[in-house]
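# Secondary and tertiary structure notes
Okay, here's what each chain looks like letter by letter:
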Amino acid sequence: MKESPTEDVDRIDLKILRALQSEGRLSNADLAKRVNVSAATCHRRTQRLFEEGYITGVLAEVAPGAVGLGAMVMVGVVLDRSTPESFGAFEGAVMELKEVLDCNLVAGDFDYLLKIRVRDMADFNKLHGQKLIALPGVRQTRTFFVMKEVKENARLPF
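What you see is a predicted model; the values in this text were computed from it and never measured. Here the residue numbering is sequential within each chain, running from 1 through the sequence in written order. Side-chain atom pairs in this predicted model are given and counted only at pLDDT of 80 or more, local residue features only at pLDDT of at least 70, and totals for whole chains, interfaces and linings cover all residues. Each side-chain value is derived from all of the structure's non-hydrogen atoms; neither hydrogens nor water enter the calculation.

### Some thoughts on the overall build of the protein
- Secondary structure elements are defined from DSSP: runs of H or I of at least 4 residues count as helices, runs of E of at least 2 residues count as strands, and each element is numbered from the N terminus. The number of helices and strands found in the protein is five helices and four strands.
- In sequence order, the secondary structure elements of the protein are arranged as α-α-α-β-α-β-β-α-β.
- Each radius of gyration reported is based on C-alpha atoms, and the globular scaling rule is 2.2 Å times the count of residues to the power 0.38. Whereas a compact globule of 158 residues would reach a radius of gyration of roughly 15 Å, the protein reaches 20 Å, over 25% beyond that.
- Dimensions of the protein, computed from the C-alpha atoms along their principal axes, are close to 55 × 40 × 25 Å.
- Only protein chains enter the area calculation, which uses a 1.4 Å probe; residues under 20% of their type maximum are buried, those over 50% are exposed, and those in between are partly exposed. A buried classification covers 31% of the 158 residues belonging to the protein.
- Using the Shrake-Rupley algorithm and a 1.4 Å probe, accessible areas are obtained, with residue cover drawn only from the displayed protein chains. Surface summary for the protein: the accessible area is close to 10600 Å², and the carbon and sulfur share equals 53%.
- His residues and chain termini do not enter the charge count, which takes Lys and Arg as positive and Asp and Glu as negative. Lysine's charge is taken at NZ, arginine's at CZ, aspartate's at CG and glutamate's at CD. Taken as two groups, the 22 positive and 22 negative side-chain charges of the protein have centres that lie 6 Å from each other.

Spelled out as structure tokens, the structure:
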């Protein structure tokens, strides 16, 4: 996707993006009605938005508690070295951990901030002791148990 959000998209494309961001299961016919274009035009534009990388996927939002993953934990990770090789080794290893939902390289007190979903504190304790501290280059971790999710998976503000 281009750096400027409106460089290659017009107001109809933006309406399509907004509608799909809030309701990814809209049928093409319903989407076309919502953005006031023909079904064929809507389909062509939506396909182009996928092909050009404006839309990267359509997913169902699953309630974590309903599948036994009611605890969210944020973990700050400090590596022992700040080199491209150590970052690469850490990133490759963290990609293999299904419990890690998000991993972001950050500036500040940590090198990485991880967002993790587990059943409970005991489940996290096991993950931490067996996997997290064994990740390549990990020198230190700081753990934050989320007490309340105030705003989660917010829509992009465009």
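Text resumes after the structure shown.
### Description of the domain arrangement of the protein
- Throughout the structure description, domain borders are defined by an automatic or database domain assignment. Here the protein is described as being made up of domain 1 (11–52) and domain 2 (64–145).
- Spacing between the C-alpha centres of domain 1 and domain 2 amounts to 37 Å.

### Some words on the environment of A29
- Along the chain, the position of A29 falls in helix α2 (residues 28–35).
- With ten residues separating them along the chain, A29 and A39 place their C-alpha atoms 5.5 Å apart.

### Describing the pattern of salt bridges
- Each reported salt bridge corresponds to a side-chain nitrogen of Lys or Arg within 4 Å of a carboxyl oxygen of Asp or Glu. According to the stated counting rule, one finds twelve salt bridges in the structure shown.
- One salt bridge in this structure joins E149 and R117, with 2.8 Å as the shortest N-O distance. In this pair, E149 is assigned in the segment after β4 (138–145) and R117 in strand β3 (residues 112–118), connecting sequence segments 32 residues apart.
- Relative accessible area serves as the criterion here: at 38%, E149 is assigned to the partly exposed category.

### Some points on helix α5 (residues 121–130)
- Buried within α5 we find D123, F124, L127 and H128. The arc enclosing the buried residues of α5, seen along the axis, measures out at 135°, which places them on a common side. Summarising the geometry of α5, the exposed residues directed more than 90 degrees from the buried face are A122, N125, K126 and Q130.
- The inward-facing, buried residues of α5 contact β1 (71–79), β3 and β4.
- N-capping of α5 is provided by D120, with a side-chain oxygen placed 3.2 Å from the backbone N of A122. By arc we mean the arc of the directions from the helix axis to the C-beta atoms, nothing more. Two residues qualify as a contact provided that any one of their heavy atoms is within 4.5 Å of a heavy atom in the partner residue. Two N or O atoms form a polar contact when they lie within 3.5 Å of each other; inside protein one atom must be a possible hydrogen donor and the other a possible acceptor, and for residues adjacent in sequence the pair counts only when both atoms belong to side chains.

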